[in-house]
There are 2 protein chains.
Amino acid sequence: MTSEGFGHPYAVLRPVRSGNTFEETIEHLLQAIRVGLFPPGQKLPSERDLAAHLGVSRATLREALAELQQAGYLEVRRGRYGGTYILESAASTGAEEGRIDPEELRDVLTFRAVIEPAAAEVAAQADLPASARQHLQACLTDLQAAEQGSYRARDARFHIAVAELTGSPTLITAVAETRARTSALLDKIPLLPANLEHSNQQHEAITGAILRGDAAQARTLMADHLEGTAALLRGFLEG
Amino acid sequence: MTSEGFGHPYAVLRPVRSGNTFEETIEHLLQAIRVGLFPPGQKLPSERDLAAHLGVSRATLREALAELQQAGYLEVRRGRYGGTYILESAASTGAEEGRIDPEELRDVLTFRAVIEPAAAEVAAQADLPASARQHLQACLTDLQAAEQGSYRARDARFHIAVAELTGSPTLITAVAETRARTSALLDKIPLLPANLEHSNQQHEAITGAILRGDAAQARTLMADHLEGTAALLRGFLEG
DNA sequence: CTCCAATGGACTAGTTTCAGTCCATGGCGT
DNA sequence: ACGCCATGGACTGAAACTAGTCCATTGGAG
């Protein structure tokens, strides 16, 4: 519970800006990478394209890219068919220092437990076109072939794919942001190799429920699935 | 369904900025007013305070306030114990022109149906302190005493109060934003005086379920309650 | 081999936003 | 009456951000 009283205006009236445009741009890009949107080896859209879609000037975007490049996440190649490439090191951001903020943890876990099962439920209710079904299946297959290093990103990717099936941009964004926040938290705890096999079984079951339109089941399965990570994080905080 | 394909980067990589700081500030303030955070007659926090909490310079905040003042939403009084007061006209933004975007409608209704019932559920599960229970009850009483003009804002206020009980800032913000978006949509349709009595019964039942900790019931009741407005909006879009 | 086109790189002028400072107003306590 | 002081009002110089333009690089098409 926040220490503020209830009905307090600033619980609703949040900051319009959370820092430099430049910093926020970095954060957006990092989030996209963390979440597996741009797998290592692939390249980002062109600067002009990215800048336009991020609603930021190319100059500012380039500042952000320069920072990420210096931090070793990106490599830039010039010329025709050049571009900005994601390096392997972008994925393996192992065990960064810094303690976990209990408030942040509570907030993320609560919100996640709200939207992800709901996303699965809505997705299962939707009338999915073939392309959607294929995309989900592809993400699942991809995830099941993942190695230790690529697992987290592909996991996020899969969960976002589920959200995409809902066709609700707000819901997609919410899931993506929550995934990024979760990943940031997971980066702060020593990596006990999770039970990937069990997770993969759950992913498969969730996919199945969604594809056959079993909304209630999809919801329940997703909720169970999330509980694993949640318990891990909570446990580490207390320990 | 969005026209873009699935797995498209820009479904996740959203704009960092959605306009001038100044415009966004206006939007934030308007949202707060629409949502009943500042009832007519009351005054806003001091400029210095507001600016700090909105993460915006006082100069920019003042630009926004000037705009809202010119639009007839606010009145300013100087001197000690002066301040910026919300005018009555701020509430009665009846029937603005402009068509409803079907995509926006779909998105809002989907998202709302996801988070609000969930918020009610989480609130019911929480171990609520006396102050929380009182606040919810107060919002309910306030709402039930509302006139035609003040109803929408107090309704929003009540729903946000439910979200506040969850103690999750992200969830609170999400509910508040969704409420503001819904209100904006409702402003665009002719006001058929909704069945306030029925709504009030629902509000009372929801409050009851939350206060006695019946999570499943709270969820169901909230979902039913939302369906009313959803049907109204959908119906108007098709008609 | 030459040119094309798409990409990153670099600069400039103009606009917006900011932090800080000082002024003006006017209830309230003394 | 008087002065205090929290409030809105106004200004300035610096920093951030932007739109636009042109340059540099380089793989592929002709």
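Computed from a predicted structure; not experimentally measured. (Residues numbered from 1 in each chain as written. Chains lettered and ligands numbered in written order. Predicted model: local features only at pLDDT ≥ 70, side-chain atom pairs only at ≥ 80, totals over all residues. Heavy atoms only, no water.)

Caption draft 1: Here's a closer look at the overall build of chain A. Counting its secondary structure elements, chain A contains 9 helices and 2 strands. Across chain A, helices and strands are ordered from the amino to the carboxyl terminus as α-α-α-β-β-α-α-α-α-α-α. For 239 residues, the compact-globule formula gives about 18 Å, and the C-alpha radius of gyration of chain A, at 19 Å, lands near that figure. When the backbone C-alpha atoms are referred to their principal axes, chain A occupies close to 50 × 50 × 35 Å. Here chain A holds 239 residues, and 47% of them are scored as buried. With the model as given, the accessible surface of chain A reaches about 11300 Å², and the carbon-plus-sulfur share is 50%. Each charge class in chain A can be summarised by its mean position, and for the 23 positive and 31 negative side chains these summaries are 5 Å apart. (Helix = DSSP H or I, 4+ residues; strand = E, 2+ residues; numbered from the N terminus. Rg over C-alpha atoms; globule rule 2.2 N^0.38 Å. Buried < 20%, exposed > 50% of the residue type's maximum accessible area, 1.4 Å probe, protein only. Areas by Shrake-Rupley, 256 points an atom, 1.4 Å probe, with all protein chains shown as cover. Lys, Arg positive; Asp, Glu negative; His and termini not counted. Charge placed at Lys NZ, Arg CZ, Asp CG, Glu CD.)

Caption draft 2: Region of interest: the domain arrangement of chain A. Residues and elements named next belong to chain A. Domain assignment breaks chain A into domain 1 (21–90) and domain 2 (102–238). Computed over C-alpha atoms only, the centres of domain 1 and domain 2 are separated by 25 Å. Of the residues lining the interface, 5 residues belong to domain 1; the matching set on domain 2 comes to 11 residues. Summing the contributions of domain 1 and of domain 2, the shared interface buries around 640 Å²; its carbon and sulfur component is 63%. Taken as a group, Gln31, Arg34 and Val35 account for 78% of the area that domain 1 buries against domain 2, more than any other trio of residues on that side. (Domains from an automatic or database assignment. Contact = heavy atoms within 4.5 Å. Buried area = accessible area lost by both parts, 1.4 Å probe.)

Caption draft 3: Main features of the packing of aromatic side chains. Here the structure, examined in full by the defined rule, presents 0 aromatic pairs over all chains. Its guanidinium or amino end placed over the ring of Tyr85 of chain A, Arg77 of chain A lies 3.8 Å from that ring's centre, counting from NZ or CZ. (Phe/Tyr/Trp six-rings, centres within 6.5 Å; stacked < 30°, edge-to-face > 60°. Lys NZ or Arg CZ within 6 Å of the ring centre and 35° of its normal.)

Caption draft 4: View of the protein's contact with DNA strand D. The environment of DNA strand D is formed by 25 residues, the closest being Thr21, Thr60 and Gly79 of chain A together with Arg58 and Arg62 of chain B. Considering the 4 Å shell around the protein, atoms of DNA strand D inside it are sugar or phosphate in 64% of instances. Within the side chain of Ser57 of chain A, a nitrogen or oxygen atom sits 3.0 Å from a phosphate oxygen of DNA strand D. For DNA strand D, a phosphate oxygen lies 2.9 Å from a polar atom in the backbone of Glu47 of chain B. For the surface near DNA strand D, the elements supplying multiple residues, two or more each, are α1 (21–34) and α3 (58–70) of chain A together with α2 (47–54), α3 (58–70), β1 (74–77) and β2 (83–86) of chain B. (Near = heavy atom within 4 Å. Polar contact = N/O pair within 3.5 Å; in protein donor to acceptor, adjacent residues only side chain to side chain.)

Caption draft 5: Focus on the environment of Thr182 of chain A. All names here are of chain A. Relative to the assigned elements, Thr182 resides in helix α7 (residues 169–186). Judged by relative accessible area, which is 2%, Thr182 ranks as buried. The residues contacting Thr182, other than those within four sequence positions of it, are Val108, Arg112 and Leu233.

Caption draft 6: Focus on the pattern of salt bridges. For the structure on display, the rule yields 27 salt bridges over all chains. Here Glu24 of chain B and Arg17 of chain A are joined by a salt bridge, their closest N and O atoms 2.6 Å apart. Residue Glu24 of chain B is located in helix α1 (residues 21–34), and its partner Arg17 of chain A is located in the segment before α1; the two belong to separate chains. Across the pair, Arg17 of chain A and Glu24 of chain B agree in class, each one buried. Here Glu47 of chain A ties to Arg62 of chain A by a salt bridge, and the two come within 3.1 Å at their closest N and O atoms. Here the residue Glu47 of chain A occupies a position in helix α2 (residues 47–54), and Arg62 of chain A occupies one in helix α3, the gap between them amounting to 15 residues. We classify Glu47 of chain A as buried; its relative accessible area is 17%. Residues joined in a network through salt bridges with shared partners are Glu47, Arg58 and Arg62 of chain A. (Salt bridge = Lys/Arg side-chain N within 4 Å of Asp/Glu carboxyl O.)

Caption draft 7: The packing of helix α4 (residues 102–125) of chain A against α7 of chain A, seen in detail. Residue and element names in this part refer to chain A. The contact between α4 and α7 brings their axes to 10 Å, and the two run at 140°. Judged by the inter-axis angle, α4 sits oblique to α7. Where α4 crosses over α7, the two elements pack in a sense that is left-handed. Along the contact surface, α4 presents Glu104, Leu105, Asp107, Val108, Phe111, Arg112, Ile115, Glu116 and Ala119, while α7 presents Leu171, Ala174, Val175, Thr178, Arg179, Arg181, Thr182 and Leu185. When grouped by side-chain class, the residues that make up the contact of α4 with α7 number 9 nonpolar, 2 polar and 6 charged. (Axes fitted to C-alpha atoms, helices over the stretch in contact; angles between N-to-C directions. Parallel < 35°, antiparallel > 145°, perpendicular 65-115°, else oblique. Left-handed = near helix turned anticlockwise from the far one by under 90°. Nonpolar A, V, L, I, M, F, W, Y, C, P; charged D, E, K, R; others polar.)

Caption draft 8: Structural detail: the interface of chain A and chain B. Contacts between the two partners involve 59 residues from chain A, matched on the other side by 59 residues from chain B. Between chain A and chain B, the buried area comes to about 5200 Å², and carbon and sulfur atoms account for 67% of it. Of all residues in chain A, Phe6, Tyr10 and Arg17 of chain A bury the most surface against chain B, accounting for 15% of the area lost on that side. Broken down by secondary-structure element, the contributors of at least two residues to the side of chain A that touches chain B are α1, α2, α4, α5 (130–144), α6 (151–164) and α7 of chain A. A per-class count over the side of chain A that touches chain B returns 31 nonpolar, 18 polar and 10 charged.

Caption draft 9: Local environment of the packing of α4 of chain A against helix α9 (residues 215–238) of chain A. Residues and elements named next belong to chain A. Where α4 contacts α9, the axes come no closer than 7 Å and their chain directions differ by 165°. By the criterion of interaxial angle, the relationship of α4 to α9 is roughly antiparallel. For the crossing formed where α4 meets α9, the hand is right-handed. Listed contacts from α9 to Pro102, Leu105, Leu109, Arg112, Ala113, Glu116, Pro117, Ala118, Ala120, Glu121, Ala124 and Gln125 of α4 are Ala215, Ala218, Arg219, Met222, Ala223, Leu226, Thr229, Ala230, Leu233, Arg234 and Leu237.

Caption draft 10: Fine view of the environment of Pro102 of chain A. Mapped onto the elements, Pro102 of chain A comes out in helix α4. A C-alpha to C-alpha distance of 9.6 Å links Pro102 of chain A and Glu238 of chain A, two positions 136 residues apart in sequence.

Caption draft 11: Representation of the relation of the copies chain A and chain B within the structure. In screw terms, the move from chain A to chain B is a rotation of 180° and a rise of 0.0 Å along the axis, fitting with an RMSD of 0.1 Å. The symmetry that links the two subunits is that of a two-fold axis. Across chain A, the rotation axis passes nearest the C-alpha of Ile115 of chain A, at a separation of 3.5 Å. When the interface residues of chain A are mapped onto chain B, 100% of them again lie at the interface, so the same face is used by both copies. (Least-squares fit on C-alpha atoms with pLDDT ≥ 70 in both.)

Caption draft 12: Quick peek at the pairing of strand β2 (residues 83–86) of chain A. Residue and element names in this part refer to chain A. Pairing of strand β1 (residues 74–77) with β2, which is carried by 4 bridges, proceeds in the antiparallel orientation. Within the sheet, the bridge partner assigned to Leu74 lies in β2 and is Ile86. Where β1 folds back on β2, the antiparallel hairpin that results is connected by 5 residues, among which Gly79 adopts a positive phi of roughly 85°. (Pairing = 2+ DSSP bridges.)

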